[in-house]
Amino acid sequence: MSTQDDLPAKKRRVRPDRTSKVKVRLESDETIIKCCLNSSVRRQQQQSSTAVNIVHALRARVKSYSQRAHIASLVLNALVRERFHIIPNKELYTVETPDFVNPSFMYGLVTGKADVYDSYPELKARLDAAPRFLSDRNIYSFGATKMATNIKVYLRTQILRMVRRYVYSPEVDSQLQKVIPRQLTRAAADEWARSAKNTILYTICGWDTKQLHSSVPLANLPDSLAKAIELQQNILQPTVPENNNDGMVSDDKEEDSKDVKHPVGSISWLKDDFNLHRILRYFVYVNRHLAVTEQPLRPLLPLVSIRGQFITIDNFGLHGILRDACLVKDNMSASTFQSLAAAQWAAAFKVDEMTTKKSCSVFTGTMDTDGVSSCFHFRRPKRNQKFAGSALYDINKSCSEKNSKRGKRQQQQTAGDVTPITKPASKSPEQMAVYARSLLFNQQSAADDSSEWQVWGLDPGRVNIATAASAAENGSPMPVVTLTRRQYYQESGIFKANWLSHEWNKGIRPAIKALAGASPLGDQLPVFQTHISVVLAHYDTLWDEYLKPRWANQRLRLYGGKKRSLANFLNRIQKATPEGKKVMVAYGAA
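Residues numbered from 1 in each chain as written. Predicted model: local features only at pLDDT ≥ 70, side-chain atom pairs only at ≥ 80, totals over all residues. Heavy atoms only, no water.

Draft legend 1. The nonpolar core, seen in detail. Core analysis: the biggest nonpolar cluster contains 112 residues, and Met106, Leu109, Tyr282 and Phe349 have the highest contact counts within it. Of the residues forming this core, the biggest block, 17 residues, is contributed by helix H3 (residues 50-84). Dropping the residues within four chain positions of it, Phe349 is found in contact with Leu37, Ser40, Val41, Arg42, Ile54, Leu58, Leu318, Met367 and Phe376. By size, the runner-up hydrophobic cluster in this structure holds 12 residues, among which are Trp456, Ala497, Leu558 and Phe569. (Core = buried A, V, L, I, M, F, W, Y, C linked by side-chain atoms within 4.5 Å. Buried < 20%, exposed > 50% of the residue type's maximum accessible area, 1.4 Å probe, protein only. Helix = DSSP H or I, 4+ residues; strand = E, 2+ residues; numbered from the N terminus. Contact = heavy atoms within 4.5 Å.)

Draft legend 2. Quick peek at the sheet that holds strand E7 (residues 453-460). Taking strand neighbours across the sheet as the criterion, the four strands line up as E9-E8-E7-E10 in an open arrangement whose pairing is mixed. The sheet is open, and its two borders are formed by strand E9 (480-484) and strand E10 (582-587), each paired with just one other strand. The average undirected angle you get between the axes of adjacent strands in this sheet is 20 degrees. Docked against the sheet, helix H18 (residues 485-492) engages strand E8 (464-470) and E9, running at close to 65 degrees with respect to E9. Here helix H23 (residues 549-576) sits on the sheet in contact with E7, E8, E9 and E10, set at roughly 170 degrees to E9. (Pairing = 2+ DSSP bridges. Axes fitted to C-alpha atoms, helices over the stretch in contact; angles between N-to-C directions.)

Draft legend 3. Fine view of the packing of H3 against helix H4 (residues 103-111). Running from N to C, H3 and H4 cross one another at 115 degrees; their axes reach a closest spacing of 8 Å. H3 and H4 meet at a crossing whose hand is right-handed. Along its contact with H3, which presents Tyr65, Arg68, Ala72, Val75, Leu76 and Leu79, the element H4 presents Phe105, Met106, Leu109, Val110 and Thr111. Across the contact of H3 with H4, the residue classes tally to nine nonpolar, one polar and one charged. (Left-handed = near helix turned anticlockwise from the far one by under 90°. Nonpolar A, V, L, I, M, F, W, Y, C, P; charged D, E, K, R; others polar.)

Draft legend 4. Highlighting the sheet that holds strand E5 (residues 362-369). Sheet architecture is open: four strands sit in the order E1-E6-E5-E4, paired in antiparallel fashion. Of all the strands in the sheet, the pair left with one neighbour each is strand E1 (28-36) and strand E4 (311-313). This sheet shows a mean twist of 25 degrees between the axes of neighbouring strands, independent of strand direction. Across three bridges, E4 lies against E5 in antiparallel orientation. By the bridge assignment, Thr312 is partnered in E5 with Asp368. Contacts from H3 reach E4 and E5 within the one sheet, and its direction differs from that of E4 by about 135 degrees.

Draft legend 5. A look at the packing of aromatic side chains. Within the structure shown, the criterion is met by 15 aromatic pairs. Each ring, one from Tyr166 and one from Tyr285, has its centre 6.2 Å from the other, and the planes form 55 degrees; the classification is tilted. Here the residue Tyr166 occupies a position in helix H6 (residues 137-167), and Tyr285 occupies one in helix H11 (residues 273-292), the gap between them amounting to 119 residues. Using a relative accessible area of 2% as the deciding quantity, one classes Tyr166 as buried. On the accessibility criterion, Tyr285 (7% relative accessible area) is buried. Judged by centre distance (5.6 Å) and plane angle (35 degrees), the rings of Trp345 and Phe349 are tilted. One exposure class covers both Trp345 and Phe349, and it is buried. The rings of Trp345, Phe349, Phe363, Phe376 and Phe378 are connected pair by pair, giving a single aromatic cluster. (Phe/Tyr/Trp six-rings, centres within 6.5 Å; stacked < 30°, edge-to-face > 60°.)

Draft legend 6. Quick peek at the pattern of salt bridges. Overall, the coordinates contain 15 salt bridges when judged by the stated rule. A single salt-bridge network, built from bridges that share partners, covers Arg42, Asp352 and Glu353. (Salt bridge = Lys/Arg side-chain N within 4 Å of Asp/Glu carboxyl O.)

Draft legend 7. Structural view of the environment of Asn77. Topologically, Asn77 is positioned in helix H3. By relative accessible area, which is 2% here, Asn77 ends up buried. Linking Asn77 and Leu303, residues 226 residues apart in sequence, is a C-alpha distance of 7.9 Å. In contact with Asn77, not counting residues within four places along its chain, are Leu301, Pro302, Leu303 and Phe528.

Printed below as a string of C-alpha cells:
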C-alpha cells in the first residue's frame, strides 16, 4: 500500500517572473500595428499552402472562441437575473451577485467548467459543440480577462448616467409637481424643481450639497420620494452588513473597510471592485423604475455580439497553430518551442518588416486577430528616459541614448521673458489660433523664429466634425478648413458600409426580426429567457452569416477609411499653410 510520501511530486508549471513583466511595462511604451492578416503571413516558396493553413487555423479558433464567449455572456446575464428574480426593491442590497469581475470565474464560463450550466442544458450543448484546439488555453485566459474588463468599464462609465435617468425621469417630475409651493411663479417653480433634482442627485451619490448654488431640504420632498432616495443610498453605499455565500460576492468586506465613504463616481469609489456589484444592484433598481414609467430599459451587463471576436495569440497559442498548419513537428514540446519562439514568429509572420531600425521597437510575441485583420504588439523605450539594467534597454541602448540627448537639449533651452496672456472668451477657432500663437511664441527663447510656424486653431463640432482656422497676417484673408460630417461619412465609407450591411442582411431578415421582438434589456428573467430561446432558434443562421469574412473585411475597410479621411483633412491644412512654414495645431477652444 502506497503512502502519501511514495506518490510522485506534482510538477508545477513554471511561470515567468511577473515582477520583471511589470518593470518592462513601466519602462517602455507599447505600439500596435494593425494590418491585413493575409498580407502579414509569410508565404513559403516551396510550400504555397502554408499561409492558407495558418489563416484557416486562426479562423477556426476565432469561430470557436466567439461562440463560446457569446454563450458565456448569455449565461452570465441569465444568472444575474435569477439572483434578482422576485426580490423586492428594499432587499436588493442583500442579493449575492456572481463574481463577474474575477477572470477565473469568467474563464470557467467560457470553457464550460462552471456549474451554472446545469440550469441551461441547451446552451451547454451549444458550448460543447464549439471545439477546443491545441494550446488554446491562453486564448481563453486572455478572452476571459477582456470580458471581465469590458464589464468593469461598462459599469463604471454608466453609473452616473443611470442615476441621472432616475433623477430626470417623468415619475420624479410628477412627484415634485405635487410639492412645489403654489405662490411661486412659473420661472421660480422651474428653478425650484431644478434645485430639487440637483439635491436628489447629490444625495444619492453622497456628494456635498453645500457645493450647490441652491438646494431643497429632503424634508420638503414627498415621503415616497424620500424613501426611494434612502433606498438608493443603501444600495450604492450600504450601512448594514450583507450576506455572503460560496461562489458569490457580497459586502462582508465592509466591516474591515475604512470608516470614510468615498462619494459615488469618484476614482477611489470606482476602483473598489465591491462597488461594481453595488452598481449592478442599482441598475436593477433603475430598470424596474423605468419599466413602471414605461421608459426605455437599459442592459444590466453587456452581451458579446454575434460576430467574429478578436483573440489574443501568444507563444503558447502559436505553438498549437503551427502544429495544426503542419509547420511544427508534433513531438516538439512546448518548452522547446518557447526557446525558439522568436524564430517561429519570424518564419510565420512578417514581423521584421513592420518596423524600422530607427523606431527601436521590439516584438512582444503577441498578436490579436479576428481572422481577417491582425494587430501585432511592439515595445520601445520611453522617450527621455534611460533604464539601465533592463533587457529592453540593453537591446535598444542606442535609441535610449539618442532620446536622452534630445531631452537634455530641450532642458538646456533658456526661456525668454514671459508675460501673462489672457485666454479668449470666444470659442471660435480663429481666436484660439491667435491665443495659441501668442502663448507659444511668448514662451519661446529668443533664438526661436516665430515666423517659421503657422498656428491653426482646431475646434470640434456636431455638423462640422472639425473646423481649423489660422490667424490672418498682413491683411490676407483668414484660411479656414472644415471637415463636415457628411464628408467624413462619404470618404471613410460609412455610407457604403451601411448599404452593404442592409443588402447582406436580407437573407437573414426573419432572424433579425425575431431578435428585435425579444429584447435582452431590463431585469426580468422571463423576458431574457425568451431572448435566449430566440437566439437558439436562429443560432446557426446568425453565426453562418456573421462569421463570413466579408463582415470582418468591412470593419477593416472602415478602420482604414476613417484614418484616411482624417489624414486628408490634415493634408488640406498642410496645403493651406504658406510654403516654408511648419504647422502647429491648437486643439479645442473651450
